Amino acid sequence: MALTHSHGTDAAHGHDHPSGFWSKYIFSFDHKVIGVQYLILACIMGLIGAGLSVWFRTQLAWPGKAGMSPENYVMAVTMHGTIMIFFVVSLSLSSGLGNFCIPLQIGARDMAYPLLNMLSFWTIVPGAAIMVASFFVEGGGAAGGWTSYPPLSALPKAAPGSGTGQTLWLLAMAIFVVSFTLGGLNYVATILNLRARGMTLMRMPITIWTYFISAVLGLLSFPALTAAAIMLLLDRHGGTSFFLPSKLILSGQLQTNTGGTPLLFQHLFWFLGHPEVYILVLPAVGIAFDVLAANARRPVMGYKASVFALWAIAFLGMIVWGHHMFISGMNPYLGKYFSISTLIITAPFALLGVCLLGTLWRARIRFNTPMLFALGLISAVGTGGIGGLFLATATADLHFHDTYFVVGHFHLMIGVTSLMGTFAGIYYWFPKMFGRTMNETLGKLHFVGTMVGTFVVFTVQHFQGMGGMTRRYYEYVNEYVKPAAALNPLVTIFAFIAFGSQLIFLVNFFWSMFAGAKASKNPWEATTLEWTAESPAGHGNWNEPPVVRGDPYRYGEGADGKGWKLQTDA
Amino acid sequence: MSGEAAAGHGHAAHGEWECEPTPFKASWPKVMMWWFLIGDAVLFGSLLVAYGFNRVAAPAWLPQDKVFSMNFITVMTFTLITSSATMATAVAASRAGDRKNACLFTMLTAVGGIAFLGMQVYEWWHMIGHHGARLTVGPKLEGFPDVPAFSAYFFMITGFHGSHVLSGVFILLYTGFNALRGRNGPEGVELAGLYWHFVDLVWVFVFGTYYLI
């Protein structure tokens, strides 16, 4: 089928490559430029989000020494969570690398709807600005936790951050959802419709499968959050009681609300919240597959099994949200169902893990920076996943709920796993982005700092949680929790190490952009389609449409003795 | 449909940018529209599930046939479903290359939408003016308690649906004008039609769950 595309904006944009600064770098339609824009925005937001964690980790390790009030503390953890999940990991991994590599890996000139793609980036920019601006309004930013559970988030007078800060939080999140939905629509349409000749679905790199699956998950789950946000806004500003129960007392005053239930918000929130974990984790795993295959010089083990496992995880991920709510007052019989369905996810995830590790079987591994991050990702998924088994079991979760065990677990999954995948992807595709390679020494330093820092922080937090240390506490004063809390200075020091390594990355990223060593077309000798384009690829990616003639991971093939074949080779 | 490549920027001289066949042979705008509608269905689904959640938990609920005139709601529903039929006719006319009828039936569909909106406005006026309902106060009925959630869900769900109908009317007017001038092919009319049928379908669910059950 001839690819068709005819909207007026493109015609107006002209048929030449854009040459002006504004149309080339700012309001570009080029998916690669938009991808890099997302990455840079994520870097800025990452500095803020991670900076907040440095601030409150200081308070936890040395109470009172961080110049932080209890109100500041809850605001900092709330905003850290929100910014990191939605404005750092989502923007860098899903939007940034996704935009960059989807058309390149499937052999398309650009996204299906480049104008919409540009708009989704320029929609998220005010969203990010509003989120940051909410720090500076009266009462500070939102402080009801990144989950924004009512009644704290529904009553503007409930806490200092529940006023304007919470309203701006909701507004920024609404903008984020719009931008992410537009992006997801583009991803799905691009992957289904713009694959090059010969690029059948089962010849797509696993990265593309994961982006497709995560876009589908996003389109199916974010609307539930939109519904929750609409009702929350009405509760906050219209006086309704969707989420507010009868006989609620606030500062000694009986509220007039009747008939609502906070449990409803939790259901709607986690109907998004749980799939969101897979939206962020799966593309990271997909990138790891590509990087592992290229640097192990072996085809991915069990390509079909992996694709099957990814779909199974996605499906199960949609129906397990209640495991976040075991102690919420939900019917205990539901807990049984959510427990079992959650534990079943272990099976496809284990299959995925076997495929990841199996790819390394008898390989002569090249330990370059992207590969190190891909290997780190396997470790993070495994370690975090084991904690998940305990949390999925309703009986164990009664103890672990809202402790640092949960904090350690989900940071390993959506924090470390996703960012390891993101970094693997950035180091791997950097030559394609800028025609230069990133500095290997700094990259390895970055990896060691990240790996050691994050693993000490989050594994130790598991033990602190078992010791009874609950989340979102400004200071631990009770006698029983003192032994667990005594580990806080250690955790904080390693958190500083992890944060410091990210600064190394930022220096490396921006320095290499202009001064890195020149890269060839295919510096990793990889087989997928993006390596047949120029480095950096021009607007439109290829002059001639590539024709795909084989599977994505053709390592160990090749008659001329070089041991690998591009996807376009006969 | 032009043979221009995805990005549309240059390279036209190299010929068509051939692509692998798409599942169901759907073009990308149609794929996007379908996925948008699936997402929007989840949004309405969430609102309706929330309504069910609250209603099951509520100690009391009001009998809908005492608050609303069910005959009137039936006429509303009939109007909207009829507009789906005119929409289908418009798509068929557009496919047959009959610009005039494509425009005419798209406009008729918009008229159906406007009629529905008018009745919606009457419904709201009836609730607010006659029953004294507010966003936070239930309609007053002799012998029944005040159920604020009855009003809150009414205004939220019908308001949200009504805003979809309203945007649909604008889309239809725009599509109708373009169809007459030959600025959009059958696909443009079909895309507007997909959206319109979806809005109608949602109303069937709203009618079933909010008014009937």
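Just so it is clear, the structure is predicted and the values come from calculations on it, not from any experiment. (Residues numbered from 1 in each chain as written. Chains lettered and ligands numbered in written order. Predicted model: local features only at pLDDT ≥ 70, side-chain atom pairs only at ≥ 80, totals over all residues.)

1. A few points about the overall build of chain B
Quick note on the threshold: Helix and strand labels come from DSSP, where a helix needs a run of H or I of at least four residues and a strand needs a run of E of at least two; each type is numbered from the N terminus. Once C-beta atoms are placed from the backbone, each residue is buried if 20 or more other C-beta atoms lie within 10 Å of its own, exposed if 12 or fewer, and partly exposed for counts between those two. With C-beta atoms placed from the backbone, a contact is any residue pair whose C-beta atoms sit within 7 Å.
When you go through chain B residue by residue, the secondary structure sums to six helices and zero strands. Starting at the N terminus and walking to the C terminus, you meet the elements of chain B as α-α-α-α-α-α. Overall, chain B is about 75 × 35 × 25 Å in size when its C-alpha atoms are taken along their principal axes. Split into buried and exposed, the 213 residues of chain B put 39% on the buried side. Once local pairs closer than 6 in sequence are excluded, the contacts in chain B between residues at least 24 apart make up 71%.

2. Some points on the confidence of the model for chain B
Residue and element names in this part refer to chain B. Operational definition: Values of pLDDT, ranging from 0 to 100, describe the predictor's confidence in every residue of the model.
Mean pLDDT over chain B stands at 90; residues scoring 70 or higher make up 92%. Note on residues 1-15: pLDDT is under 50 here. Beyond four places in sequence and across chains, it has 44 contacts. Predicted complex metrics record ipTM = 0.92 and pTM = 0.94.

3. Here's the deal with unusual backbone geometry
Residues and elements named next belong to chain A. Residue P151 follows P150 across a cis peptide bond; omega there is 5 degrees. Looking at the secondary structure, you find P151 in the loop between α5 (114-133) and α6 (164-193). In this structure, the amide linkage connecting S535 to the following residue, P536, adopts the cis form with an omega of -10 degrees. Relative to the assigned elements, P536 resides in the segment after α16 (488-515). One non-glycine residue, N541, lies in the positive phi region at around 70 degrees. Within the secondary structure layout, N541 lies in the segment after α16.

4. Quick look at the nonpolar core
Residue and element names in this part refer to chain A. Defined as follows: As used throughout, a nonpolar core is a set of buried Ala, Val, Leu, Ile, Met, Phe, Trp, Tyr and Cys residues joined through C-beta atoms within 7 Å of each other.
Ranked by internal contacts, the top residues of the largest apolar core, which has 230 residues, are V188, A288 and A424. The element that contributes the greatest number of residues to this core is helix α8 (residues 262-296), accounting for 23 residues. Membership of the second largest hydrophobic core comes to nine residues, among which are L391, V406, M469 and A485.

5. Here's the deal with the packing of helix α3 (residues 31-61) of chain A against α5 of chain A
Relative orientation and spacing of two packed helices are given, respectively, by the angle between their axes and the distance between those axes. Residue and element names in this part refer to chain A. Rule in force here: What counts as an axis is a line fitted to C-alpha atoms, over the stretch in contact for a helix, and the angles between N-to-C directions run from 0 to 180 degrees. Convention used here: angles under 35 degrees read as roughly parallel, angles over 145 as roughly antiparallel, angles from 65 to 115 as roughly perpendicular, and any remaining angle as oblique. Side-chain classes are defined by residue name, with Ala, Val, Leu, Ile, Met, Phe, Trp, Tyr, Cys and Pro counting as nonpolar, Asp, Glu, Lys and Arg as charged, and the others, Gly among them, as polar.
Put simply, α3 and α5 touch, their axes get as near as 10 Å, and they point 10 degrees apart. Here α5 runs roughly parallel to α3, going by the angle between their axes. From α3, H31, I34, Q37, Y38, L41, M45 and I48 reach across to α5, where they touch P114, N117, M118, F121, V125, A128 and V132. Among the residues making up the contact of α3 with α5, the classes are represented as 11 nonpolar, three polar and no charged.

6. Remarks on the confidence of the model for chain A
Summing up the model confidence of chain A, the mean pLDDT is 93 and the portion of residues at 70 or higher is 97%. Within the model, pLDDT remains below 50 along residues 1-15 of chain A, and this stretch shows 30 contacts once partners closer than five positions in the same chain are excluded.

7. Some remarks on the packing of α6 of chain A against helix α1 (residues 28-57) of chain B
Note the following rule: Note: crossing handedness is left-handed where the near helix turns anticlockwise from the far helix by less than a right angle, and right-handed where it turns clockwise.
Remark: α6 of chain A packs on α1 of chain B, axes separated minimally by 9 Å, with the N-to-C direction vectors making an angle of 135 degrees. Regarding the angle of α6 of chain A to α1 of chain B, the classification is oblique. Considering only the axes of α6 of chain A and α1 of chain B, their crossing is right-handed. Across the interface between the two elements, T181, L185, V188, A189, L192 and N193 of chain A of α6 of chain A pack against W28, V31, M32, W35, F36 and G39 of chain B of α1 of chain B. When its residues are assigned to classes, the contact of α6 of chain A with α1 of chain B shows nine nonpolar, three polar and no charged.

8. Re the environment of M330 of chain A
All names here are of chain A. Structurally, the position occupied by M330 is in the loop between α9 (303-318) and α10 (332-358). Separated by 66 residues in the primary sequence, M330 and L264 have C-alpha atoms spaced 10.0 Å apart. Non-local contacts of M330, meaning those with residues more than four positions away in its chain, are made with L263, G322, M325 and G335.

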